[in-house]
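Now for the letters of each chain:
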Amino acid sequence: MTSVTTSTPVQGSPDYRDSGLVFPPGFTFGSATASYQVEGAFDEAGRGPSIWDTFSKTPGKVWNGDTGDVACDHYHRLDSDLDLMKELGLGAYRFSIAWPRIMPTGTGEVNQAGIDFYSRLVDGLLERGIRPVATLYHWDLPQALEDAGGWPVRATTDAFERYAEVMGAALGDRVHTWTTLNEPWCSAYLGYGQGGHAPGRHEPAAALAAVHHLNLAHGRAVQALRATSTGDPDYSITLNFHVLRGVGDGAAEAVRRIDALANRAFTHPLLKGSYPADLLADTASVTDWSFVRDGDLAAINQPIDVLGVNYYSTATVQLWDGVSPKQTNDGHKGAAGGTAWPGSDQLVEFVQQPGPYTTMGWNIAPEGLEELLVSLKDQFPDQPLMVTENGAAFDDVVAEDGSVPDPERLDYLRRHFTAAHRAIGQGVDLRGYFVWSLLDNFEWGYGYAKRFGIVRVDFDTLERTVKDSGRWYSRLARTGVTPEETDRAFVLNVNRDVAE
C-alpha cells in the first residue's frame with residue numbers, strides 16, 4: 001500500500017502554483033515518447049526507411065545535421081528503460097509503433113521481427129504493472145508510401161487500414177489503449193504545406209488533402225482495430241489543439257479562421273461527422289475538396305473512448321494589414337516558401353506573445369490548458385479526455401554531484417497539473433495525463449538541441465539520469481497528490497515517505 005501524508009492544500013493561486021491537490025481515484029499518470037525520437041536501430045531487423053530518415057539526412061533540414069539513427073537507443077535498451085518506468089511509478093506508457101519496422105514499404109509482407117519487438121515492449125510493461133498506450137502513427141511514414149504520393153493520396157489511407165489490422169491482430173489482446181494518429185495537424189500542415197517537417201513539401205492543396213486522408217485513416221483504423229483486437233482496448237486519437245487569443249480590429253475573424261484550420265478541421269469530422277462550412281469557404285481558392293467521397297465522413301465519425309489532448313502554449317493572432325512585415329510567431333520551425341495556414345496565410349498573422357518562454361520559444365500559459373479542457377467539455381460534453389502530451393524544453397545543466405536540477409520544468413509541470421485539476425473541478429471528464437517526454441530525445445527539426453525529458457539522456461554515452469522534475473513527478477504518480485515542496489532537498493529524497 002502507498003501511504004500519503006499531506007497538509008491542507010493551498011489552492012486557487014493566480015499563478016497556478018497550487019499544491020496538495022488530490023487527483024481522482026484511477027486517474028492515470030503516464031509519460032510518452034515516439035518511435036523515431038527514441039528507438040534508434042534505424043536499419044536493423046528489417047526496418048525500412050521512413051520519411052524522417054530521409055528528411056533528417058537531407059542537408060539543412062535538421063539542426064546540426066542530427067538524425068534519429070541512434071536517438072536514445074531505446075530499441076537496444078528496452079528492458080532497462082522499462083525498469084526505469086517502473087521505478088518512476090508510471091501508471092501508463094504512451095509509445096508509438098514505427099510503421100516501417102512492421103511493414104518496411106508500408107504495404108506487403110509483415111516483418112515479424114518488428115512485431116516481436118513491440119510484443120516484448122507490451123509484455124514488459126504489463127509485467128511491471130504499466131498500462132500500454134500504443135500510437136499507430138507518430139509521423140514516421142514509410143518512405144515508399146511517400147514516394148507514391150504520401151498522405152495527400154487515398155492509397156496511403158488504404159495502406160494504413162491494413163497496417164491497423166496487422167497491429168490489432170498482433171497486440172490487440174494486450175494493449176490498454178489504441179491511439180490511431182498523433183497530431184495529424186503536424187503531419188498535414190507542417191509536412192505538406194509549411195515544409196518544416198518531413199516530407200518537407202510546400203503544397204497548400206496537398207496539405208488539405210492530407211488533412212482529409214489522415215482523418216479518414218483514423219476512422220478506418222478504428223474499425224480495423226475493433227475487428228482484430230481480441231482484448232477490450234479503448235480507442236482514441238491525439239490532437240494538438242491551438243488555444244487562440246485574438247487582438248486588434250477583426251480579432252474574432254482572425255481567431256475563427258485559424259480555429260477552423262487548426263482545430264475544427266479535425267474535431268468536426270471526427271466527432272460530428274462533417275467539415276465546417278466556414279473551413280470549406282476559407283479554403284475554396286486552394287482546393288475544391290473533391291477528394292472527399294461519399295461515405296468518407298461516416299467512416300471518419302467513429303465513436304472513440306477518449307480524445308487525446310496535446311497542449312504546450314497559446315497563440316495570438318490578428319488580421320494582417322498586408323503592408324507591414326507579417327509576423328509569423330506560430331511556434332513552429334520556419335521553412336522558406338511554405339505555409340501551415342492555407343487559405344488564411346495572407347490574411348492572418350501570428351503576434352509575438354509575452355513571456356516567459358521555454359527554450360522552444362513557446363510562452364508558458366497554464367491557464368490555456370484549463371481553458372482548452374473546459375472548452376472541449378462544453379463542445380463535446382460526452383467525450384472523455386486525456387492530456388496525452390504536456391511538457392517543456394529547457395537548457396538543463398548537470399550539477400557537480402551528477403544530479404540534474406531543472407526547477408523551471410518542475411515549476412512548469414506543477415502549474416499545468418494545477419490547471420488540469422481545476423478543469424476537473426469544473427466537470428471535465430479528464431482521465432489522465434502523460435508528461436512529454438520520458439526521455440530527452442531527437443526533437444524533430446531541432447535535432448538534439450532541445451531537451452523535454454524528465455529523464456536526461458547523455459547523447460554521447462546514452463546514460464539516463466532522472467531529473468528533479470522526474471523525481472517530483474514520481475511522487476505525484478505514486479500518490480495522486482501534487483507534492484508541496486519544490487526545493488532540491490525534497491526532490492532528491494522524493495520517495496522517502498512513499499511506502500510500498
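Calculation criteria
- Residues numbered from 1 in each chain as written.
- Predicted model: local features only at pLDDT ≥ 70, side-chain atom pairs only at ≥ 80, totals over all residues.
- Heavy atoms only, no water.
- UniProt positions renumbered as here; feature names shortened; annotations may be inferred.
- Buried < 20%, exposed > 50% of the residue type's maximum accessible area, 1.4 Å probe, protein only.
- Helix = DSSP H or I, 4+ residues; strand = E, 2+ residues; numbered from the N terminus.
- Pairing = 2+ DSSP bridges.
- Salt bridge = Lys/Arg side-chain N within 4 Å of Asp/Glu carboxyl O.
- Axes fitted to C-alpha atoms, helices over the stretch in contact; angles between N-to-C directions.
- Contact = heavy atoms within 4.5 Å.
- 1 Å grid on protein atoms, 1.4 Å probe; cavity = no way out; pocket = protein on both sides within 12 Å on 5 of 7 lines; lining within 4 Å.
- Points joined across faces, edges and corners; volume = space filled by probe spheres on them.
- Nonpolar A, V, L, I, M, F, W, Y, C, P; charged D, E, K, R; others polar.

Looking up the protein in an unreviewed UniProt entry gives the name Family 1 glycosylhydrolase, with the organism given as Microbacterium allomyrinae. UniProt's Sequence similarities (unreviewed entry) comment on the protein is quoted here verbatim: "Belongs to the glycosyl hydrolase 1 family."

## Looking at the pairing of strand 1 (residues 28–32)
Judged by how many residues are buried, strand 1 sits mostly within the fold: five of five residues are covered. Where burial is concerned, the two faces of strand 1 agree: the one with Thr-28, Gly-30 and Ala-32 and the one with Phe-29 and Ser-31 are both buried. Direction of pairing for strand 1 relative to strand 11 (residues 430–436): parallel, over a ladder of five bridges. Note that in strand 11 the partner of Gly-30 across the bridge is Phe-434. Here three bridges tie strand 1 to strand 2 (residues 92–96), and the two strands are oriented parallel to one another. Among the inter-strand pairings, Ser-31 is bridged to a residue of strand 2, identified as Tyr-93.

## Regarding the pattern of salt bridges
Applying the stated rule across the entire model yields 33 salt bridges. Ionic pairing is found between Asp-18 and Arg-422, a salt bridge with its closest N-O pair at 3.0 Å. You can see Asp-18 sitting in the segment before strand 1 and its partner Arg-422 sitting in helix 14 (residues 407–425), a full 404 residues away along the chain. As far as the burial class goes, Asp-18 and Arg-422 line up, both buried.

## Some words on the sheet that holds strand 8 (residues 314–319)
Here we have three strands laid out as an open sheet, ordered 6-8-9, and mixed in their pairing. Unpaired on one side and paired on the other, strand 6 (243–246) and strand 9 (348–351) mark the two borders of the sheet. Neighbour-to-neighbour, the strand axes of this sheet turn through a mean angle of 40 degrees, independent of strand direction. Of the strands in this sheet, strand 6 and strand 8 touch helix 13 (residues 366–379), which is tilted by about 105 degrees from strand 6.

## Section: the pairing of strand 3 (residues 131–137)
Across a regular strand the side chains alternate sides, sitting on one face of the sheet and then on the other. In terms of residue burial, strand 3 counts as a mostly covered element, since six of its seven residues are buried. Pairing analysis gives five bridges linking strand 2 to strand 3, with the strands arranged parallel. Bridged to Phe-95 within strand 3 is Ala-134. Here strand 3 pairs with strand 4 (residues 177–182) via four bridges, running parallel. Bridging across to strand 4, Thr-135 finds its partner in Thr-179.

## With respect to empty space enclosed by the protein
The full count for this structure, using the stated rule, is five cavities of 30 Å³ or more. Reported here for the largest cavity is a volume of approximately 490 Å³. At the level of secondary structure, the elements contributing two or more residues to the lining of the largest cavity comprise helix 8 (184–194) and strand 8. Residue composition of the lining of the largest cavity, grouped by class: 14 nonpolar, 12 polar and five charged.

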